[in-house]
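# Chains, contacts and geometry: an overview
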Amino acid sequence: MEFMDQGSDLMIHFLFTRCNSFGLTSSSIYNDYMSKYLILIGLLFLFFCQAITAQEKQDSIATEKLLSSALKNVYNDPEQTRNIVLENLNAYLLSNYFISKSLNHVGIAYDVMGNNDSALIYYDSALLIAEQHGLVKMQAGIHNNIGLIYWKKGKYELAIEQYDFGLANYSKLNDTLGIANSLNNMGLIYQKMNQYNLGLKSFRQASENYQQIDNKRGLSAAYMNIGTVKDLINEFDSSFYYFKKSIDLKIEIEDKYGLGIVYSDYAKLYAKTDQCDSAIRYDKKALKLFNELNNAYHVSQVTYDLGKNWMCLNQLDSAELYLRQAEEMALQGQNNFTLKHIYYQLMQLYEIQQNWPDAFLASQQFLAYKDSLFSKDIADAVFDVQEKYETEKKNKELAEKSVLIAQQDADLARSELENNRKNFWLFALGIGIVGFVILIFLIRKQAKTRREKLIQERDLKEKEEKLRISKELHDNIGARLSHIISSLDIEMYKNNASEEIANVNAFARETIVELRETIWAVSEKAIHLSELKSRIENYIHQVANLSKCEMVYDDSSKLEVELSVLQTINVFRIVQEAINNAVKYSGSQRVNISVKDESNGVVVFNVQDFGKGFDQEMTKNLGNGIVNMRTRALEVGGNIEIKTNPDQGTFIQLFVNLE
């Protein structure tokens, strides 16, 4: 990803440098072919970078899930966890973060298996990578894991040192939870070292941080630890106070296991202060919880404590019952340490009862387990020396192996670098090809844009010419026709004009109406069907007002289309001619005009009268009205059907496809 980011920066720098070299400004850059080419290539490069980033993000999420699922099973099967992490090592090469995290997980698996030295080797390797690449949070977690190893080995000073390093890392990150956990662990180690003041200080600081983030689980643990230290330094009132606060929080968060531990410690504190009845009460609460959790070890321990506390109250029968139950569970769990203490209590119990045979038997069992534990301690010490020798030998072998692995990793890294370079040039070649295709596309798009611009300019000139012609018709011919009509009206008013003058007057009026209709149609580039129908309806009203004929108009058409000038004029003239013929020649008292839709965008204009009709064969040579109607219909791709017979009226249908 570092390589891709650098490539993106270089591409952006290259774009701006090239644009400047061509003298391109922000206002001219979009008008230059080369600048468009460079910008699109750059954007495409950045797009691929983003795509690669998205893929890396998906891979990172998958790797994170793999590591998390492996770690969840570490306490059940640490060997399986180790094997899963190592087998998928290639997935972790995505980043130094995952390499460090995987090595840390292997260390945790070895820690759980009890191989502390192997765990330390992997922790140290993980820490080295985290430090080299500034993975501060990773460093903090690894320091804590190393601290836990030293804690288990009894090297408390080294453990404190590691937790202190982790604390410093968490402080850099302002990670309050990490700070609190580190302080809590440091307090436990100080407690082991009998440095109680330092322990209390750490626990109190931990509790303050837990309170700050409202972490009740951590806070309850800190309170319990403070209570334990207060017990050790015989500040019993304070110890009771903090144990009670821990109990309240454990109940609130429903932490059964933690609550059982606090109840047990609370009972021990009561027993220590000779309040054995209260000790029994809290031991019973702890016993109930551990039974619910099927925790055999703690059930055995609490049962033993109950036996001791019943002895404190001199309830020897109850004491013996609980001690024998604890004995049975300890034998099943092979817990020799607990058995030693059980037999010691039984020996004392039987001495009080003066039951000397059972007291002698219990004393023999006590001594046997005491001797076995002593022998085991000696054996453990011998084993510890042998283990240290073997560990030193193993560490040397592992160090040599690590050097070899490091050399192999360096060779692998060099090989990957060469592959990355080859892939980059292949990628760059691909970008160039795509850029060439984009350039061709831009040229074609530019040509298309120019064609569209020419068409727009032509349409604009055509519209301007139409407006000029319309204005000329209106201002010149229209004005002259209006003057003629006015003159004829005056002549007809002054003198009793002849029929010929009246006909000329009527003809002039019809002519000016048609002229206005033509001007309206010519002045528009496109006319909506609804406008045409409105014009037809207005014409019908005018005819109805001037004639004695009833005009019925019905419009059921729902089609929404635009018509050209040619379509508009021809359709209007056909309908106009049909209406005029019906009014003038049919002798009908009623004319029906309708507009309706048919399928596939066909609109039908109907004109029907109920007059005398005519013989179509006889009228072929009489006038041009019907011939003109058919010619106009053909010009707009339409068709006219005329249905008529003498004394049966006339039905004219105009079919026009307007889509």
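Preceding block: the structure.
A brief look at the structure comes next. (Residues numbered from 1 in each chain as written. Predicted model: local features only at pLDDT ≥ 70, side-chain atom pairs only at ≥ 80, totals over all residues. Heavy atoms only, no water.)

## Considerations on the pattern of salt bridges
Filter applied, for reference: One speaks of a salt bridge when a side-chain nitrogen belonging to Lys or Arg is within 4 Å of a carboxyl oxygen belonging to Asp or Glu. Helix and strand definitions here come from DSSP, where helices need a minimum of 4 consecutive H or I residues and strands a minimum of 2 consecutive E residues; each element is numbered from the N-terminal end. Buried, partly exposed and exposed residues are distinguished by accessible area as a fraction of the type maximum, computed with a 1.4 Å probe on protein chains only: under 20%, between the cut-offs, and over 50%, respectively.
Tallied over the entire structure, the rule returns 13 salt bridges. The closest approach of N and O atoms between lysine 153 and aspartate 117, which form a salt bridge, is 3.7 Å. A residue pair is termed long-range when its members are at least 10 positions apart, and lysine 153 in the loop between α7 (136–152) and α8 (156–173) and aspartate 117 in helix α6 (residues 116–132) qualify at 36 residues. Take lysine 153: its relative accessible area is 31%, and that puts it in the partly exposed class. For aspartate 117, a relative accessible area of 17% puts it in the buried group. Its salt-bridge partner being arginine 217, residue aspartate 255 comes within 3.3 Å of it at the nearest N-O pair. One end of the pair, aspartate 255, is in the loop between α12 (236–253) and α13 (256–272); the other, arginine 217, is in helix α11 (residues 216–232), with 38 residues separating them in the sequence. A relative accessible area of 12% means that aspartate 255 is categorised as buried. Through salt bridges with shared partners, a single network forms among Arg217, Lys250 and Asp255.

## Remarks on unusual backbone geometry
With a phi close to 60°, glutamate 254 is a non-glycine residue in the positive phi region. Inspection of the secondary structure assignment puts glutamate 254 in the loop between α12 and α13. Overall, glutamate 254 belongs to the exposed group, its relative accessible area being 69%.

## Notes on the state of the cysteines
The condition is simple: Only a pair of cysteine sulfur atoms within 2.5 Å qualifies as a disulfide here.
Scanning the model with the defined rule gives 1 disulfide in all. The disulfide partner of cysteine 276 is cysteine 312, and the gap between their sulfur atoms is 1.8 Å. Between cysteine 276 and cysteine 312, the S-S torsion sits near 75°, and that sign places the bridge as right-handed. Of this pair, cysteine 276 sits in helix α14 (residues 276–292) while cysteine 312 is found in helix α15 (residues 296–312), placing the two residues 36 residues apart along the sequence. By relative accessible area, cysteine 276 is classed as buried at 3%. Accessibility expressed as a relative area gives 43% for cysteine 312, which makes it partly exposed.

## Overview of the packing of α11 against α13
Quick reminder of the rule: Here an axis means a line fitted to C-alpha atoms, over the contact stretch when the element is a helix, while the angle between two N-to-C directions is reported on a 0 to 180 degree scale. Angular relationships are summarised with four words: roughly parallel below 35 degrees, roughly antiparallel beyond 145, roughly perpendicular across 65 to 115, and oblique for the angles in between. Handedness of each helix crossing follows the sense of rotation of the near helix against the far helix: counterclockwise by less than a right angle gives left-handed, clockwise gives right-handed. Throughout, a residue-residue contact means that at least one pair of heavy atoms, one from each residue, lies within 4.5 Å. Residues are grouped as follows: nonpolar covers Ala, Val, Leu, Ile, Met, Phe, Trp, Tyr, Cys and Pro; charged covers Asp, Glu, Lys and Arg; every other residue, Gly included, is treated as polar.
The N-to-C vectors of α11 and α13 enclose an angle of 20°; their axes lie 11 Å apart at closest approach. Overall, the two elements α11 and α13 adopt an arrangement that is roughly parallel. Remark: the crossing between α11 and α13 carries left-handed chirality. Mapping the contact onto sequence places Met224, Thr228 and Asp231 in α11 and Ile261, Val262, Asp265, Leu269 and Lys272 in α13. Classifying every residue of the contact of α11 with α13 by side-chain character gives 4 nonpolar, 1 polar and 3 charged.

## Let's talk about the environment of leucine 67
Tracing the backbone shows leucine 67 in helix α2 (residues 33–72). With a relative accessible area of 0%, leucine 67 lands in the buried category. Each C-alpha atom, one on leucine 67 and one on phenylalanine 98, is 8.9 Å from the other, the two residues being 31 residues apart in sequence.

## A few points about the sheet that holds strand β6 (residues 639–644)
Cut-off, in case you're wondering: For two strands to count as paired, DSSP must find a minimum of two bridges between them.
What the 5 strands build is an open sheet, ordered β2-β4-β5-β7-β6; its pairing is mixed. Edge positions in the sheet fall to β2 (550–555) and β6, since each of these pairs with one other strand and no more. Pairwise comparison of adjacent strand axes, ignoring direction, gives a mean angle of 10° for this sheet. Sheet topology note: the β2/strand β4 (residues 590–597) ladder contains 6 bridges and is parallel. Counted as the bridge partner of aspartate 555 is valine 595 from β4. This element, helix α20 (residues 529–546), spans β2, β4 and β5 (602–609) of the sheet and lies at about 165° to β2. Seen against the sheet, helix α21 (residues 565–585) touches β2, β4, β5, β6 and β7 (650–657) and runs at an angle of roughly 15° to β5.

## Let's talk about the side chain of histidine 528
Note the following rule: The term polar contact refers here to a pair of N or O atoms within 3.5 Å; inside protein, the definition further demands a hydrogen-donor-capable atom paired with an acceptor-capable atom, and it admits residues adjacent in sequence only when both atoms are side-chain atoms.
Along the chain, histidine 528 turns up in strand β1 (residues 527–528). Polar contacts involving the side chain of histidine 528 include one to the side chain of glutamate 560, which spans 3.1 Å. In this structure, histidine 528 is in contact with Glu560, Val561, Glu562 and Leu563, ignoring residues within four places of it in sequence.

## Considerations on the packing of helix α10 (residues 196–212) against α11
Where α10 meets α11, the axes come as close as 9 Å, and the angle between the chain directions of the two elements is 160°. Comparing the axis directions of α10 and α11 gives the class roughly antiparallel. Our pair here, α10 against α11, has a crossing hand that is left-handed. Contacts from Tyr196, Leu200, Phe203, Arg204, Ser207, Tyr210 and Gln211 of α10 reach α11 at Gly218, Leu219, Ala222, Tyr223, Asn225, Ile226, Val229, Lys230 and Leu232. Here the residues of the contact of α10 with α11 are counted per class, giving 10 nonpolar, 4 polar and 2 charged.

## Structural notes on α13
The condition that has to hold: By this rule the span expected of a helix is its residue count minus one, scaled by 1.5 Å.
Taking 1.5 Å of rise per residue, the 17 residues of α13 would be expected to cover 24 Å, and the 24 Å separating its terminal C-alpha atoms lies within 8% of that figure. Listed as buried for α13 are Gly258, Leu259, Gly260, Ile261, Val262, Tyr263, Ser264, Tyr266, Ala267, Leu269 and Tyr270. The inward-facing, buried residues of α13 abut α11, α12, α14 and α15. Count one or two residues on from α13 and you reach aspartate 274, which has phi positive near 60°.

## A word on the nonpolar core
As a reminder of what qualifies: The nonpolar core is taken to be a set of buried Ala, Val, Leu, Ile, Met, Phe, Trp, Tyr and Cys residues, with the residues joined through side-chain atoms within 4.5 Å.
Counting 47 residues, the largest nonpolar core has Tyr123, Ile142, Ile146, Ile160, Met186, Ile189 and Tyr210 as its most contacted members. When residues of this core are traced back to their parent elements, those giving at least two are α5 (96–113), α6, α7, α8, α9 (176–192), α10, α11 and α12. Not counting residues up to four positions away in its chain, the partners in contact with isoleucine 189 are Trp151, Tyr156, Ala159, Ile160 and Tyr163. Listed in part, the 42 residues of the second largest apolar core include Val262, Ala319, Leu339 and Tyr350.

## Quick word on the packing of aromatic side chains
Which entries qualify depends on this criterion: Between the rings of Phe, Tyr and Trp (Trp by its six-membered ring), a pair exists once the centres lie within 6.5 Å; its type follows the angle of the planes, with under 30 degrees stacked, over 60 edge-to-face, and the other angles tilted.
In this structure the tally under the stated criterion is 13 aromatic pairs. Here tyrosine 110 and tyrosine 122 contribute two aromatic rings whose centre-to-centre distance is 5.6 Å and whose plane-to-plane angle is 20°, an arrangement assigned as stacked. Pair noted here: tyrosine 110 is in helix α5 and tyrosine 122 is in helix α6, with a separation of 12 residues, a long-range link. Residue tyrosine 110 is classed as buried on the basis of its relative accessible area of 13%. Summarising the aromatic geometry, the rings of tyrosine 539 and phenylalanine 572 are spaced 6.0 Å apart at their centres and angled 70° between planes, so their arrangement reads as edge-to-face. Residue tyrosine 539 is found in helix α20, and its partner phenylalanine 572 is found in helix α21; the two are separated by 33 residues along the sequence. Connected via pairs of aromatic rings, a cluster forms that spans Phe240, Phe243, Tyr263, Tyr266, Tyr270 and Tyr282.

## A word on the pairing of β7
Most of β7 is tucked away: 6 of the 8 residues are buried. Across 8 bridges, the pairing between β5 and β7 is antiparallel. The residue of β7 that forms the bridge with valine 603 is valine 656. With 6 bridges joining them, β6 and β7 adopt antiparallel strand pairing. The residue bridging lysine 643 from the neighbouring strand is phenylalanine 651, located in β7. Here β6 folds back onto β7 in antiparallel fashion, the turn holding 5 residues, of which aspartate 647 has a positive phi close to 65°.

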